[in-house]
Amino acid sequence: SQSRYYGPGTCAAIILCTDYESNSDTLRSVQNRLDKNRIPGLAVIASHAVKNDLSLEVTLEVKKNLSAQEKTAFETKLIRDMKNLVREAGLGGSLVRSDMESLIRSSASSLLAKPNVDKKRIKTLYSARDIATNYFDNLEIESEAIYLEEDEYADISSIEVTYVEVA
């Protein structure tokens, strides 16, 4: 990607471990092996994949008198399911807002005041693209999809749920 461009004659080797993440020790080890087998005129740089942390703000119209346990159970399941959905996109994949909304709708079905509320469930979706300099730029996502770069994967950093009780 553009943020990892080192110039002509340079090639990147994206190092992936569990869940697309890698650590400094693994990166250093791979770089040492690449340096030993270096081809004249070509530099191969070992690099981490770029992590795009997503934050969601969700507003739900729910039945009155939901217990704290019901809300906690829902939020725990939601973050687990949403992390799985987002990770399925893999490197360079895409995340579709309507898929996220469908997951939220099915997860919250027992809590909702009306089963087929047409309102958007995801009020706001923020993306923090991790640039090479570790500068985080929060961008509000208004499009229907997020397209990841070839060396980029996504994860959920937080989900904030607002419950609006209706009759």
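The structure presented is a predicted model; accordingly, all values stated were derived computationally and were not measured. Sequence positions are assigned chain by chain, starting from 1 and proceeding in written order. With the structure being a predicted model, the display of local features is reserved for residues of pLDDT at least 70 and the display and counting of side-chain atom pairs for 80 or more, all residues being used for whole-chain, interface and lining totals. Side-chain descriptors were evaluated using all non-hydrogen atoms of the structure, hydrogens and water having been removed beforehand.

A. Representation of unusual backbone geometry in the model. In this structure, Asn65 is a non-glycine residue whose phi angle is positive, near 60 degrees. The way it works is that DSSP assigns letters per residue, a run of H or I at least four long becomes a helix, a run of E at least two long becomes a strand, and they are numbered from the N terminus. Tracing the backbone shows Asn65 in the loop between strand E3 (50-62) and helix H2 (68-87).

B. Spotlight on the nonpolar core. If you look at the biggest cluster of nonpolar residues, it comprises 25 residues, and the most contacted ones within it are Leu54, Leu60 and Met82. Of all the secondary structure elements, the ones that give two or more residues to this core are E3, H2, helix H3 (97-107) and strand E8 (152-165). Note on terminology: a nonpolar core comprises buried Ala, Val, Leu, Ile, Met, Phe, Trp, Tyr and Cys residues joined through side-chain atoms within 4.5 Å. Only protein chains enter the accessibility calculation, which uses a 1.4 Å probe; a residue whose area is less than 20% of its type maximum is buried, one above 50% is exposed, and one in between is partly exposed.

C. How the structure looks around the packing of H2 against H3. The geometry of H2 relative to H3 is characterised by a closest axis approach of 10 Å and an angle of 150 degrees between their N-to-C directions. The orientation of H2 relative to H3 falls into the category roughly antiparallel. The way H2 lies across H3 gives a crossing that is right-handed. Contacts between H2 and H3 involve Phe74, Lys77, Leu78, Asp81, Met82, Leu85 and Val86 from the former and Asp99, Met100, Leu103, Ile104 and Ser107 from the latter. Under the scheme applied here, ten amino acids are nonpolar (Ala, Val, Leu, Ile, Met, Phe, Trp, Tyr, Cys and Pro), four are charged (Asp, Glu, Lys and Arg), and all others, including Gly, are polar. Of the residues in the contact of H2 with H3, the class split is eight nonpolar, one polar and three charged. To define axes, lines are fitted to C-alpha atoms, for helices over the stretch in contact only, and angles between the resulting N-to-C directions are given on a 0 to 180 degree scale. Small angles under 35 degrees read as roughly parallel and large ones over 145 as roughly antiparallel, with 65 to 115 read as roughly perpendicular and the rest as oblique. In a left-handed crossing the near helix is turned counterclockwise from the far helix by less than a right angle, and in a right-handed crossing that turn is clockwise. By the convention used here, residues are in contact when the closest approach between their heavy atoms is within 4.5 Å.

D. Structural view of the pattern of salt bridges. The term salt bridge refers to a pairing of a side-chain nitrogen on Lys or Arg with a carboxyl oxygen on Asp or Glu at a separation within 4 Å. Tallied over the entire structure, the rule returns eight salt bridges. Between Arg28 and Asp25 there is a salt bridge, with its nearest N and O atoms 2.8 Å apart. Of this pair, Arg28 and Asp25 both sit in helix H1 (residues 24-36), three residues apart, which is roughly one turn of the helix. The class for Arg28 is partly exposed, based on a relative accessible area of 48%. One salt bridge in this structure joins Lys51 and Asp155, with 3.8 Å as the shortest N-O distance. Of the two residues, Lys51 is situated in strand E3 and Asp155 in strand E8; the sequence distance between them amounts to 104 residues. Where salt bridges share partners, they join Lys51, Asp53, Lys83, Arg87 and Asp155 into one cluster.

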